[in-house]
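Here is what each chain is made of, one letter per residue.
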Amino acid sequence: MILLFCGLSGAGKSTLAHSVQRRLYQSAVPVEVVDGDPYRARLFTDLGFSRADRSENLRRLGFIADKLAAHGIVTIISAISPYDEVRKELVACYPNVKIVFIDCDLDELQRRDTKGLYRRASLPDDAADKLQCLSGVNDPFERPSEPDLYLHTRETSIADCTARICDYVLCQTAVARRRKA
């Protein structure tokens, strides 16, 4: 199974991915997190933030996730994944991809601003440190049209979101095992 956690920067994708990973490990479920930021920084340094590059980034993450999932590892892709078309492409290309929309209101994300991105995006256009391509602010973010799971991190605690995701994974894996039997 591949869980594609998508949502704006600061919504809680990585936090939830690692929380789910720890909880599923306790249930003896093998899990790997494929976090977009470190993969981009270490392996995909050739990619920028154009629409084409963001789409290619997700395709590469999906390829890696599929290789892990083929070995029975629940794989969580944690990436903004701003374009519905590419998310649907992953669902069509790989078996058992589930879209998990990690939502949060923009005002809350600006308040959290864990990486300083929202502050940089709000700078004047002529500022040297101006961020020109922040998804959901000055670059598009297309909300998933039909997510398999929807979580709102301003309204629901990390613990409750983690529990919902883990329950979903355990239910899906139990169904898959029954089908094979």
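Placed above this text is the structure.
Report on the accompanying structure.

Procedures and definitions
Residues numbered from 1 in each chain as written. Predicted model: local features only at pLDDT ≥ 70, side-chain atom pairs only at ≥ 80, totals over all residues. Heavy atoms only, no water. Helix = DSSP H or I, 4+ residues; strand = E, 2+ residues; numbered from the N terminus. Rg over C-alpha atoms; globule rule 2.2 N^0.38 Å. Buried < 20%, exposed > 50% of the residue type's maximum accessible area, 1.4 Å probe, protein only. Contact = heavy atoms within 4.5 Å. Areas by Shrake-Rupley, 256 points an atom, 1.4 Å probe, with all protein chains shown as cover. Lys, Arg positive; Asp, Glu negative; His and termini not counted. Charge placed at Lys NZ, Arg CZ, Asp CG, Glu CD. Axes fitted to C-alpha atoms, helices over the stretch in contact; angles between N-to-C directions. Parallel < 35°, antiparallel > 145°, perpendicular 65-115°, else oblique. Left-handed = near helix turned anticlockwise from the far one by under 90°. Nonpolar A, V, L, I, M, F, W, Y, C, P; charged D, E, K, R; others polar.

Remarks on the overall build of the protein chain
Regarding its fold elements, the protein chain presents 7 helices and 5 strands. The N-to-C order of helical and strand elements in the protein chain reads β-α-β-α-α-β-α-β-α-α-β-α. In terms of overall dimensions, the protein chain is globule-like: its C-alpha atoms have a radius of gyration of 16 Å, near the 16 Å expected for 181 residues. Seen along its three principal axes, the alpha-carbon backbone of the protein chain occupies a region of about 60 × 35 × 30 Å. Taking all 181 residues of the protein chain together, 47% fall into the buried category. Looking at the protein chain alone, contacts between residues at least 24 apart form 72% of all its contacts between residues at least 6 apart. Total accessible area on the protein chain is roughly 9400 Å²; 51% of this is exposed by carbon and sulfur atoms. Across the protein chain, the mean location of the 26 positive side-chain charges is 6 Å away from that of the 25 negative side-chain charges.

Section: the packing of helix α3 (residues 51-69) against helix α4 (residues 84-93)
For the pair α3 and α4, the least separation of the axes is 10 Å and the interaxial angle reads 20 degrees. Judged on the interaxial angle alone, α4 and α3 are roughly parallel. As for the relative orientation of α3 and α4, their crossing is right-handed in sense. Taking contact as the criterion, the partners of R51, S55, L58, R59 and G62 in α3 are, on α4, E85, V86, R87, E89 and L90. When its residues are assigned to classes, the contact of α3 with α4 shows 3 nonpolar, 2 polar and 5 charged.

Keep in mind these numbers describe shape, not what the thing actually does.
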